[in-house]
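For reference, the chains in residue letters:
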Amino acid sequence: MSGIIADRVSAARKYVLLDEYVIKVVKAGKVIDFASGSPDPRLLPKEEVKEIASRVLDEYGDEALSYPPSVGLRSLREAIKTLLSKLGVSIPNSKVVVTSGAVRAIELASEVLLSSDSYTVAEEPTFSPALYPLYALGRGIEHVLLKGYRVLDVSALEEVISKLPIKLYYTIPTAHNPTGSTFSSKVRNEVAKVVCENNVVIIEDDVYRTVLGGEAPEPISAICARRSHTYIYLGSLSKVLAPGLRIAYMLVPEELFPHVRSVAGTELTLSPLTMLIAYEAIRTGLLLDRIHRLSREYRERMRVLKDSLSDYMPDNVCWNEDAEGYYVFIKVKGVNMIKLLDDALREGVGYIPGDAFLHKHSDPETARLCIAKPNSEEVALGVKKLAKVIKERKKL
């Protein structure tokens, strides 16, 4: 097929390497899965969704099975705005757009805002699959390395912006994927100042605010909005309701909304049935209750993860003690975590090598551990298994 496939597709592999590792762990069979960021199936509201779906079909009839509005049902858009206000998100003069997953929202933003000569800047490491539409539709992506895989160096961000025609800044400032870091209010205000003064549009991926039960600093987008600066704010119901419903959303300024609607209208990717299920889950209070219950569950799993790392790991392993949400990014000095993965899978534990999240740099001594799927008991056992493999490799 030489000469048929577009160059950008061949270059896209680095953005989907994460999925290849997840598949490898799944294929390994019965292992403790620190790889997948998909919610624990044991926590999915199967019975509740079954009851809501039946009621939706009875009450809404044809509407539930018809073509969707391009930006989502008005009832769901208004319900999302109300839900966000209860989670500390209030962005003045914003409009909600419902999308089929958060990456689709990034695609829409890229299609509306990026030109072929425009660059995007993103953190390093970062959630790689989100970068592909930014890469495919722009000129390139620059990266700002998080100091110690924890803290954003705002001056380094400003330096990158000063040297290139940067149009967009993609950031995950809350329970960052893969590091688990949450940017402080001070850093968020500094970032807002930099992007506003340099006319850079922020794409703020705030998917993990719900995982924290809303306990996070004010979104950077809200600060930008008060300064009348353009922003894209992203969120999702996948982590707290069900990923199979494919309900995510973006908040955009009123003046940007018609342009987003025009582009969204070219692809009717939404489902009225799943949107109405999500709407009913919000309206009845089911979703807010789940957000608070799940945030307590994941907070406990994260506590067990960090305690277990302290209890079992050798002294050549370090991690971010401030990590929250789903992820911890570990550094294992002297051990190639890409090569170690096969040994770990044989021991019964899987993870994602950190290089899957790195693009400008390479650090094979890193790995992401995720507590989305294993419960607290499994987390402790998984860390113990991984520590055993690391210690054995250290002896060689």
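Residues numbered from 1 in each chain as written. Predicted model: local features only at pLDDT ≥ 70, side-chain atom pairs only at ≥ 80, totals over all residues. Heavy atoms only, no water.

S.K.: Which parts of the structure should I look at to understand the layout of surface pockets?
M.R.: Any space left empty among the atoms is revealed by the rolling of a water-sized probe across them. For the largest pocket, the calculated volume is near 610 Å³. Every residue lining the largest pocket is counted, 26 residues in all, and those nearest its centre are Gly37, Ser38, Phe127, Tyr208 and Lys239. Elements with a minimum of two residues in the lining of the largest pocket: helix 2 (13-27) and helix 5 (102-113). For the lining of the largest pocket, the element with the highest residue contribution is helix 2, accounting for three residues. Split into classes, the residues belonging to the lining of the largest pocket amount to 14 nonpolar, seven polar and five charged. (1 Å grid on protein atoms, 1.4 Å probe; cavity = no way out; pocket = protein on both sides within 12 Å on 5 of 7 lines; lining within 4 Å. Points joined across faces, edges and corners; volume = space filled by probe spheres on them. Helix = DSSP H or I, 4+ residues; strand = E, 2+ residues; numbered from the N terminus. Nonpolar A, V, L, I, M, F, W, Y, C, P; charged D, E, K, R; others polar.)

S.K.: In this structure, what is going on with the packing of aromatic side chains? I would like to understand it.
M.R.: Aromatic rings in a pair are described by how distant their centres are and how their planes are angled relative to each other. Applying the stated criterion across every chain yields a total of six aromatic pairs. Ring geometry for Tyr149 and Phe329: centres 5.1 Å apart, planes at 75 degrees, overall edge-to-face. Within this pair, whereas Tyr149 is found in the loop between strand 4 (140-145) and helix 7 (154-163), its partner Phe329 is found in strand 10 (residues 327-332), the two being separated by 180 residues in sequence. For the pair Tyr149 and Phe329, a shared accessibility class is recorded, and that class is buried. If you follow Lys95 out to its NZ or CZ, it ends over the ring of Phe257, 5.1 Å from the centre. (Phe/Tyr/Trp six-rings, centres within 6.5 Å; stacked < 30°, edge-to-face > 60°. Buried < 20%, exposed > 50% of the residue type's maximum accessible area, 1.4 Å probe, protein only. Lys NZ or Arg CZ within 6 Å of the ring centre and 35° of its normal.)

S.K.: What is the right way to read the sheet that holds strand 12 (residues 352-353) from this model?
M.R.: Working definition: the strands of a sheet are paired by backbone hydrogen bonds and lie parallel or antiparallel to each other. Spatially, 9-10-13-12 is the arrangement adopted by the four strands of the open sheet, whose pairing is antiparallel. Among the strands making up the open sheet, the edge pair consists of strand 9 (317-319) and strand 12. Bridging between strand 10 and strand 13 (residues 366-370) involves five bridges; their strand directions are antiparallel. Following the sheet pairing, Val328 is matched in strand 13 by Leu369. Against the sheet, helix 12 (residues 286-312) engages strand 9, strand 10 and strand 13, with an angle of about 15 degrees to strand 10. (Pairing = 2+ DSSP bridges. Contact = heavy atoms within 4.5 Å. Axes fitted to C-alpha atoms, helices over the stretch in contact; angles between N-to-C directions.)

S.K.: Teacher, can you tell me more about the packing of helix 7 against helix 8 (residues 185-197) here?
M.R.: The packing of two helices is summarised by the inter-axis angle and the distance between the axes. Running from N to C, helix 7 and helix 8 cross one another at 15 degrees; their axes reach a closest spacing of 10 Å. If you check the angle between helix 7 and helix 8, you find them roughly parallel. Judged by the twist between their axes, the crossing of helix 7 over helix 8 is right-handed. Seen from helix 7, the contacting residues are Val154, Leu157, Glu158 and Ile161; seen from helix 8, they are Val187, Glu190, Val191 and Val194. Here the contact of helix 7 with helix 8 is composed, by residue class, of six nonpolar, no polar and two charged. (Parallel < 35°, antiparallel > 145°, perpendicular 65-115°, else oblique. Left-handed = near helix turned anticlockwise from the far one by under 90°.)

S.K.: In this structure, what is going on with the pattern of salt bridges? I would like to understand it.
M.R.: Overall, the coordinates contain 27 salt bridges when judged by the stated rule. Within this structure, Asp40, Arg42, Glu297, Arg301 and Glu378 form a network of salt bridges that share partners. (Salt bridge = Lys/Arg side-chain N within 4 Å of Asp/Glu carboxyl O.)

S.K.: I keep staring at the sheet that holds strand 7 (residues 231-236) and nothing clicks. Help me out?
M.R.: Strand order in the open sheet formed by seven strands is 2-8-7-6-5-3-4, and the pairing between neighbours is mixed. This sheet does not close on itself; its edge strands, each paired only once, are strand 2 (94-99) and strand 4. Averaged over all pairs of adjacent strands, the angle between strand axes in this sheet comes to 20 degrees, irrespective of strand direction. Bridge count for strand 5 (residues 166-171) against strand 6 (residues 201-205) is four bridges, and the pairing is parallel. Residue pairing across strands places Leu168 opposite Val201, the latter belonging to strand 6.

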